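# Descriptive analysis of the structure
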Amino acid sequence: MLKVRRVAARLSQSQLAREAKVDRSFLNKTECGRVQSPSLRYVATLAAALDCSVDELMDDDTVPTELPCAIGPEA
């Protein structure tokens, strides 16, 4: 869900990492599922940067219906 939200916000991983003040490589690992249980603080930081709630960020049923057609190489 994190990647879907990021792409819907038209942000690259680097842009989101900068805005949320988190490490881009950790963000990548989180998106790829290599971080199984990120901390609530980390998820809340990302949710704030993506202008959504923690619940929305973690809930697969709230996927935005429209995604941008063109996404950058970090998508």
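Now for a look at the structure at hand.

### Quick look at the overall build of the protein
A tally of helices and strands in the protein yields 5 helices and 0 strands. Secondary structure elements of the protein, listed N to C terminal, follow the sequence α-α-α-α-α. Looking at the protein residue by residue over its 75 residues, the buried ones come to 33%.

### Here we look at the pattern of salt bridges
Here the idea is simple: oppositely charged side chains can pair when their charged atoms come close. Summed over the entire model, instances satisfying the criterion amount to 1 salt bridge. Ionic pairing is found between Glu31 and Arg6, a salt bridge with its closest N-O pair at 2.5 Å. With Glu31 in helix α3 (residues 24–31) and Arg6 in helix α1 (residues 2–8), the pair connects residues that are 25 residues apart, well separated along the chain. Classification of Glu31 as buried rests on a relative accessible area of 17%.

### What to know about a negative patch on the surface
Taken together, the side chains of Asp51, Asp55, Glu56 and Asp59 present a region of like negative charge at the surface. Along the chain, Asp51 falls in the loop between α4 (40–49) and α5 (54–58). Looking at Asp51, the relative accessible area reads 72%, which means it is exposed.

### Observations regarding the packing of helix α2 (residues 13–20) against α3
Interaxial distance between α2 and α3 falls to 9 Å at its minimum, and their mutual angle equals 115°. When the axes of α2 and α3 are compared, the crossing they make is right-handed. From α2, Gln13, Ser14, Leu16 and Ala17 reach across to α3, where they touch Arg24, Leu27, Asn28 and Glu31. Its residues assigned to classes, the contact of α2 with α3 shows 3 nonpolar, 3 polar and 2 charged.

### Digging into the environment of Gln15
Looking at the element boundaries, Gln15 is found in helix α2. Of note is the side chain of Gln15, whose polar atom sits 2.6 Å from the backbone nitrogen of Ser12.

### Looking at unusual backbone geometry
Phi at Arg10 is positive, roughly 60°, even though this residue is not glycine. If you trace the backbone, Arg10 turns up in the loop between α1 and α2. By relative accessible area, Arg10 is classed as exposed at 61%.

Rules of the game
Residues numbered from 1 in each chain as written. Predicted model: local features only at pLDDT ≥ 70, side-chain atom pairs only at ≥ 80, totals over all residues. Heavy atoms only, no water. Helix = DSSP H or I, 4+ residues; strand = E, 2+ residues; numbered from the N terminus. Buried < 20%, exposed > 50% of the residue type's maximum accessible area, 1.4 Å probe, protein only. Salt bridge = Lys/Arg side-chain N within 4 Å of Asp/Glu carboxyl O. Patch = residues over 30% accessible without salt bridge, like charges linked within 9 Å, V, L, I, M, F, W, Y side chains within 5 Å. Areas by Shrake-Rupley, 256 points an atom, 1.4 Å probe, with all protein chains shown as cover. Lys, Arg positive; Asp, Glu negative; His and termini not counted. Charge placed at Lys NZ, Arg CZ, Asp CG, Glu CD. Axes fitted to C-alpha atoms, helices over the stretch in contact; angles between N-to-C directions. Left-handed = near helix turned anticlockwise from the far one by under 90°. Contact = heavy atoms within 4.5 Å. Nonpolar A, V, L, I, M, F, W, Y, C, P; charged D, E, K, R; others polar. Polar contact = N/O pair within 3.5 Å; in protein donor to acceptor, adjacent residues only side chain to side chain.

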